[in-house]
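Summary of structural features
Here is how the chains run, residue by residue.
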Amino acid sequence: MTNRPFPYTIWALAAVAAVYLLGDMDFFQPFLTAFWTLFYPVLITGFLFYLLRPLSRGLSSKTGVPLSVSVLLVFVGAGSLIYGGVRLIVSRFDNGISSISNLPDKMKNMSGQLEEKVNSSGIAGGFEFEISKYYNTLSQQITGHFGQIFSTVTEAATTLFVIPILLFFFLKDGRKMIPYVMRLVPGKRKEETIELMRKLDRTLSSYITGQAIVAFVDGALMYVAYLIIGLDYALLLGVFLMITSIVPFFGPLIGVVPAVIIGFMTGPVVALQVLIALLIVQQLEGNLVAPYVLGNRLEVHPVTIIFLLLVAMPLAGFIGMVIAVPVYALIKTVIKEIVELKRTEERATGS
């Protein structure tokens, strides 16, 4: 009898060697570039898709308008809210913006005063030489990084342009995704695959919509708390905490850091009040909001979530913390479905 593990080991070692050699020749670089180019637009579009899908489909079913018209109406409503929110935030910073606009004049006056003091001293020559060398180095650095800055701005603008287009087609044609995938699945596995895709869809939808509601409640409650405390920039700080609260557990702690810093500028007591407010809001969220909104839909233990976030943070930063829990939930759903399918087949074979 032929010993099969030996050939399998040879094939495995050959595959590893081939991957190593191809990677050393930058064979995978175009694929990695394409992946990271599409990663953020698809990630943001998917997040917005699950948030806006209930609105677009609900509006279409209740009013009887075509889904494409419903999607456009949701776009207009969401765009109006975003525009109004940005206008509101900007209007709260008129004084800050005006002070920033006067910053060049202030720096010019300070530079003139510094020049007078240097000229009146005996170290003007050497000091002027060091300043000239510093500014030459600084200008070279700015020139060298200009291409990188321009590339980053271009990528951000392209992403902002592409996301609404992708989101429109996701909302409009999202129902066609499962039938399209079914064409690639063998006939005997179609029912299991459809059920698996529906479970994955429900898992993502439950987590994203639930966590978004929890984050919105956290941001709104902390905004009210900031107003009561009398903290400057309460609206912006509340919005920042709402965004970071998309990450469970650690998100609110990250989001409250700017508020604590601003509180310390006013006084230690204000910073302490901010921390107490966060503690109260977290108690309200943990005991009232999260159980009602999220419940036990993901069936992921809190300790598991903490470990996932601790591992994801050094690997992929904030984005890794955002996607760690839903990715784990999806993998867990797939494994459970495969195990259940095998058990069903074994019982059918045994009978």
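Below, the structure is looked at part by part. Computed from a prediction, not measured in an experiment: that's the story for all the values here. In every chain, residue numbers begin from 1 and rise along the written sequence. Selection of residues for local features in this predicted model requires a pLDDT of at least 70, selection of side-chain atom pairs for listing and counting requires 80 or more, and totals for whole chains, interfaces and linings are taken over all residues. Values shown for side chains rest on all heavy atoms present in the structure; no hydrogens or waters enter the calculation.

Attention now moves to the overall build of the chain. Strands are runs of DSSP state E lasting at least 2 residues, helices are runs of H or I lasting at least 4, and numbering of each runs from the N terminus. When you go through the chain residue by residue, the secondary structure sums to 13 helices and 0 strands. For every residue, the accessible area (1.4 Å probe, protein chains only) is compared with the maximum for its type, and the residue is labelled buried under 20%, exposed over 50%, or partly exposed between those bounds. Within the chain, buried positions represent 25% of all 351 residues. In short, Shrake-Rupley with a 1.4 Å probe defines the accessible areas, and a residue's cover is counted only from the protein chains shown. When the accessible surface of the chain is summed, it comes to about 24,200 Å², and 71% of that surface belongs to carbon and sulfur atoms.

Let us now look at the environment of Lys336. Relative to the elements of secondary structure, Lys336 occurs in helix H13 (residues 302-350). In this structure the C-alpha to C-alpha distance between Lys336 and Leu196, which are 140 residues apart in sequence, comes to 9.9 Å.

Here Thr203 shows up in helix H8 (residues 190-229). A residue is classified by how much of its surface remains accessible, and Thr203, at 15% relative accessible area, is buried. Distance from Thr203 to Pro326, taken between C-alpha atoms, is 7.8 Å for residues 123 residues apart in sequence.

Moving on: helix H2 (residues 29-63). Between its first and last C-alpha, H2 extends 49 Å over 35 residues, near the 51 Å set by a 1.5 Å rise per residue. The principal kink in H2, of about 40 degrees, is found at Leu52, preceding the proline Pro54 by one to four residues. Those residues of H2 not exposed but buried are Phe39, Pro41, Thr45, Gly46, Phe49, Tyr50, Leu52, Arg53, Ser56 and Ser60. Backbone geometry just downstream of H2 places Gly64 in the positive-phi region, at approximately 80 degrees. Residue count minus one, scaled by 1.5 Å, sets the expected span of a helix. At every residue, the bend is computed as the angle between two fitted axes, covering the seven residues ending there and the seven beginning there respectively.

The next subject is the packing of H8 against helix H9 (residues 234-244). Contact geometry of H8 with H9 gives a least axis separation of 8 Å together with a crossing angle of 155 degrees. Considered as vectors, H8 and H9 are oriented roughly antiparallel to each other. Note on packing geometry: the crossing formed by H8 with H9 is right-handed. Where H8 abuts H9, its residues Ala215, Phe216, Asp218, Gly219, Met222, Tyr223, Tyr226 and Leu227 lie against Ala234, Leu235, Leu237, Gly238, Leu241 and Met242. Following the grouping adopted for this structure description, the nonpolar residues are Ala, Val, Leu, Ile, Met, Phe, Trp, Tyr, Cys and Pro, the charged ones are Asp, Glu, Lys and Arg, and the polar ones are all others, Gly among them. Taken together, the residues of the contact of H8 with H9 sort by class into 11 nonpolar, 2 polar and 1 charged. Helix axes use the C-alpha atoms of the stretch in contact, all axes being lines fitted to C-alpha atoms, and the angles between their N-to-C directions lie in the range 0 to 180 degrees. The cut-offs work like this: below 35 degrees is roughly parallel, past 145 is roughly antiparallel, 65 to 115 is roughly perpendicular, and the gaps in between are oblique. In this scheme the crossing of two helices becomes right-handed for a clockwise turn of the near helix relative to the far one and left-handed for an anticlockwise turn of less than a right angle. By the convention used here, residues are in contact when the closest approach between their heavy atoms is within 4.5 Å.

Further remarks concern the pattern of salt bridges. Definition used for salt bridges: Asp or Glu carboxyl oxygen within 4 Å of a side-chain nitrogen of Lys or Arg. The tally for this structure, following the rule as stated, stands at 4 salt bridges. A salt bridge links Asp201 to Arg53, with the shortest nitrogen-to-oxygen separation between them at 3.1 Å. Within this pair, whereas Asp201 is found in helix H8, its partner Arg53 is found in helix H2, the two being separated by 148 residues in sequence. Of the charged contacts, one joins Lys172 and Asp173 as a salt bridge, the two residues approaching to 3.3 Å between their closest N and O atoms.

Everything listed here is a matter of geometry and, on its own, says nothing about what the molecule does.
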